[in-house]
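Now for the letters of each chain:
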Amino acid sequence: MEPKERIILALDVSGHEGALDIVKQFKDHIDTFKVGSELFTSAGPKIIQDINAMGKKVFLDLKFHDIPNTVSRSAHAAAELGVFMFNVHTMGGLEMMKQAAQGLVKASLKKNIKRPKLLGVTVLTSIDQDILRDEIGIQHRMATQVKHLAKLALDAGLDGVVASPQDIEMIRSRCGSGFLIVTPGIRPSWAPPDDQKRTMTPKQAIARGADYLVIGRSVTAQPSPIKALELILKEIEKAG
Ligand code: C5P
């Protein structure tokens, strides 16, 4: 993969026009943009159609988590929208993930479109060991839980997971080389950490085996966003 294919730029804005402005600004430099729940809830599916109409791809980051039938139907709807990639929570269980994967195949065959990549979210990076044990009631160590859920996603037929950069090597060794690892929490050495706690540089994440990097503020909040992106692309090229 070329460096420009590895970056997914997070559209962390609520307005349709604001999001499209960002896509216009970066469309000649990268291929994929992430639409999360804030933007999707305010701008609706049209934002996906508009990004696709500009020849760009969408990672729909809505983290579906519901009964298998509902998630399967949501997966079908995401495929019909023409997203490149979307995700579900692995904690929804094996059957939910299996049905999501099957919903995709059905929708893609029916509409003769390319099957989107389906990712699983293991444990959110906002959850630490204490929250996992004391609030959620899971007694496993965090690493054990993440590894277990990543393997469950693989067994269910998912294409990969969204994971913290710290978990890349562990997931790679458990799930194999064909399993996609998409990682946020990326900070070049020259960018501030903002609210991210356990970050890695683009070079480190790629060297450890990440396939895609989700990047937001270290590009969009910089004084010269295009220059920041170019620096990151160069860094990835050196790591690859
Ligand atoms: O600005 P920054 O690079 O921190 O943005 C990272 C993006 O990745 C945001 O859209 C954030 O919601 C998302 N994300 C994350 N950590 C996760 C999952 C998603 O930062 N575990």
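Shown above is the structure to which this text applies.
Predicted model, so just to flag it, every value in this text is computed and none were measured.

Topologically, E235 is positioned in helix 12 (residues 225–239). Nearest to the buried, unbridged E235 among oppositely charged side chains is K203, at 6.9 Å. Residue contacts for E235: discarding those within four places in its chain leaves P188, T201, P202 and K203.

A few words on the sheet that holds strand 6 (residues 160–162). Here we have 8 strands rolled up into a closed barrel, ordered 1-2-3-4-5-6-7-8, and parallel in their pairing. Across this sheet, the average inter-strand angle for adjacent strands is 25 degrees, counted without regard to direction. On the sheet, helix 12 packs against strand 1 (7–10) and strand 8 (212–215) and is oriented at approximately 150 degrees with respect to strand 1.

Turning next to the site of the ligand. Residues in contact with the ligand, as listed here, are A10, D12, K34, T125, P184, R187, Q196, V214, I215, G216 and R217. For the ligand, an oxygen atom lies 3.0 Å from a polar atom in the side chain of K34. At a separation of 2.8 Å, an oxygen atom of the ligand approaches a polar side-chain atom of Q196. In the complex, the protein chains occlude 81% of the 470 Å² of accessible area that the ligand would expose alone. Class assignment of the residues belonging to the shell around the ligand gives a composition of 4 nonpolar, 3 polar and 4 charged.

Scoring rules and cut-offs
- Residues numbered from 1 in each chain as written.
- Predicted model: local features only at pLDDT ≥ 70, side-chain atom pairs only at ≥ 80, totals over all residues.
- Heavy atoms only, no water.
- Helix = DSSP H or I, 4+ residues; strand = E, 2+ residues; numbered from the N terminus.
- Buried < 20%, exposed > 50% of the residue type's maximum accessible area, 1.4 Å probe, protein only.
- Lys, Arg positive; Asp, Glu negative; His and termini not counted.
- Salt bridge = Lys/Arg side-chain N within 4 Å of Asp/Glu carboxyl O.
- Contact = heavy atoms within 4.5 Å.
- Pairing = 2+ DSSP bridges.
- Axes fitted to C-alpha atoms, helices over the stretch in contact; angles between N-to-C directions.
- Near = heavy atom within 4 Å.
- Polar contact = N/O pair within 3.5 Å; in protein donor to acceptor, adjacent residues only side chain to side chain.
- Areas by Shrake-Rupley, 256 points an atom, 1.4 Å probe, with all protein chains shown as cover.
- Nonpolar A, V, L, I, M, F, W, Y, C, P; charged D, E, K, R; others polar.

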